[in-house]
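Chains, contacts and geometry: an overview
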Amino acid sequence: MTTIPNGSRPVESRQEWIWSIIACPECGSPLVAEATDGGLACERSACGFRSSHRGQVYNLLPRSLDQFQHAEHNWRQQHYDRLARSVAQMSPDQYRTFRLLDTITYYSFTSQFAFFRDHFSKQHRLRGRGLEVGGSNGQLSGFVKLFYPETEMVTSDVAPVNVELAEELARLLGFGTDYFVMADAERLPFRPGSFDFLCSSGMLHHLGDMRRALRAGRAALKPGGRWYIVNELSIGALPRLFWNSRLGQKGKWALTTGIRENSYTLSEWRRFFAEQEFKIVDMYFQRDPRYKLLSWPRALYYAAVARLPLALLRAGVPCEINFVLEKQ
Ligand SMILES: C[S@@+](CC[C@H](N)C(=O)[O-])C[C@H]1O[C@@H](n2cnc3c(N)ncnc32)[C@H](O)[C@@H]1O
Ligand SMILES: [Zn+2]
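Residues numbered from 1 in each chain as written. Chains lettered and ligands numbered in written order. Predicted model: local features only at pLDDT ≥ 70, side-chain atom pairs only at ≥ 80, totals over all residues.

As for the overall build of the chain
Each helix and strand in the chain was counted, giving twelve helices and eleven strands. The C-alpha atoms of the chain give 20 Å as radius of gyration, which agrees with the globular expectation for 328 residues (20 Å, within 12%). Across the 328 residues that make up the chain, the buried fraction comes to 35%. Once local pairs closer than 6 in sequence are excluded, the contacts in the chain between residues at least 24 apart make up 66%. (Helix = DSSP H or I, 4+ residues; strand = E, 2+ residues; numbered from the N terminus. Rg over C-alpha atoms; globule rule 2.2 N^0.38 Å. Buried ≥ 20, exposed ≤ 12 C-beta atoms within 10 Å, placed from the backbone. Contact = placed C-beta atoms within 7 Å.)

Things to note about the domain arrangement of the chain
On domain assignment, one finds that the chain holds domain 1 (11-56) and domain 2 (67-327). One C-alpha centre belongs to domain 1, the other to domain 2, and the line joining them spans 26 Å. Each partner contributes residues to the interface: domain 1 has eight residues there, and domain 2 has eleven residues. Taken together, the residues that form the side of domain 1 that touches domain 2 break down as six nonpolar, one polar and one charged. (Domains from an automatic or database assignment. Nonpolar A, V, L, I, M, F, W, Y, C, P; charged D, E, K, R; others polar.)

Points about helix α2 (residues 67-86)
End to end, α2 covers 28 Å across 20 residues, agreeing with the expected 28 Å (1.5 Å per residue, within 8%). Those residues of α2 that sit buried are Gln69, Glu72 and Arg76. Burial along α2 is one-sided: seen end-on, the buried residues are contained in an arc of 50°. Turned more than 90 degrees away from the buried face of α2, the exposed residues are Gln67, Gln78, Asp81, Arg82, Arg85 and Ser86. (Expected span 1.5 Å × (residues − 1). Arc of directions from axis to C-beta.)

Describing the site of ligand 1
Contacts to ligand 1 come from 20 residues, most closely from Glu72, Gly134, Ser136, Ala185 and Ser201. Residue composition of the shell around ligand 1, grouped by class: six nonpolar, ten polar and four charged. (Near = placed C-beta within 6 Å.)

With respect to the pairing of strand β3 (residues 50-54)
Only one face of β3 is covered, namely the face carrying Ser51 and His53; the face carrying Arg50, Ser52 and Arg54 is uncovered. By the bridge criterion, three bridges tie strand β2 (residues 39-42) to β3 in an arrangement that is antiparallel. When the bridges of β3 are listed, Leu40 appears paired with Ser51. Strand direction decides the pairing type here: β3 and strand β4 (residues 57-59), joined by three bridges, are antiparallel. Bridged to His53 within β4 is Tyr58. (Pairing = 2+ DSSP bridges.)

Side note on the nonpolar core
Counting 64 residues, the largest nonpolar core has Val181, Leu198 and Ala220 as its most contacted members. In terms of domain composition, this core takes at least three residues from each of domain 1 (11-56) and domain 2 (67-327). Non-local contacts of Ala220, meaning those with residues more than four positions away in its chain, are made with Leu131, Leu188, Phe190, Ser194, Phe195 and Leu198. (Core = buried A, V, L, I, M, F, W, Y, C linked by C-beta atoms within 7 Å.)

Things to note about the packing of helix α4 (residues 107-123) against helix α5 (residues 139-147)
It is at 11 Å that the axes of α4 and α5 come closest, and there the two elements cross at 35°. For α4 against α5, the interelement crossing comes out right-handed. Touching Phe109, Gln112, Phe113, Phe116 and Ser121 of α4 are Gln139, Leu140, Phe143 and Phe147, all from α5. Considered class by class, the residues forming the contact of α4 with α5 number six nonpolar, three polar and no charged. (Axes fitted to C-alpha atoms, helices over the stretch in contact; angles between N-to-C directions. Left-handed = near helix turned anticlockwise from the far one by under 90°.)

See the structure below:
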């Protein structure tokens with residue numbers, strides 16, 4: 001890729017390379033640009049998939065999504081509608097700034113940034129082209145671009161409202177994220193071997209078919225490519241009975257939002273990965289209370305968990321877990 005003197009890339013080349021990796025989310029055939037501005041379609045006319053893109057934002061969602069995938073969008077949209085009503089006196093421009101501030105000062109943004117800065121970026125060297133799956137606001141892709149500026153990043157999410165915000169946020173913060181794609185993790189719209197690495201944060205436990213998503217991710221990776229998984233939970237079968245019940249925090253959240261919430265034991269995680277021929281090259285219980293400041297009970301819980309022997313976490317004491325997988 002050529003570089004222009006001020007260090008930014010020429011607009012044409014930014015807009016071109018995604019066409020060499022995208023594929024129909026329904027049949028995997030190449031996608032072609034349509035004569036209408038921003039239109040795109042599956043090359044196989046019998047498939048009939050059509051969609052659109054605007055600038056760097058591509059809608060590559062399959063035609064049908066399940067109720068939980070719709071809920072990811074609807075719940076977030078309702079959240080923003082409430083937010084807008086809470087500052088009804090603001091002009092649209094003021095509200096835009098307000099919403100961005102609201103996003104970047106929220107726990108999931110600030111704690112992920114601190115973790116990325118202090119831990120992740122010191123442990124891992126990322127190179128080449130990456131895909132973030134279930135990226136929501138796309139902050140993880142933004143941090144990757146900031147700490148590894150030679151990478152090319154595509155962030156993706158099943159909820160259109162999230163992908164739109166990801167683009168706005170990246171523009172505001174100057175992240176340089178290359179593309180913003182609406183996509184289902186189980187039907188990734190990319191050609192085989194398109195990416196050097198994948199990353200996802202707190203996404204896998206929302207999926208209806210984990211095996212299918214791991215297969216799709218594996219196919220999108222080059223041989224030897226890695227999948228950096230952060231912000232998942234490892235929980236024993238017993239505490240899970242409570243955690244996911246209508247009395248537990250996860251169960252309550254699922255009932256309130258309509259979003260699918262699963263929890264997995266460490267051996268279930270391992271089995272999922274082994275079945276799809278991923279090797280776990282790193283596994284890390286992330287229990288530093290400095291990154292758990294969502295609420296004081298949570299920070300206190302992790303302050304206690306941080307003192308426990310690892311054997312207890314492996315045995316099922318609930319704890320955030322991160323993995324690095326390698327495609328064999
Ligand atoms: C708990 S949020 C995490 C968001 C972000 N990665 C973070 O760490 O803050 C889970 C995200 O996964 C997305 N998601 C859920 N199911 C998905 C699917 N089938 N395909 C792609 N993304 C999905 C949701 O829309 C949501 O943005
Ligand atoms: Zn197709």
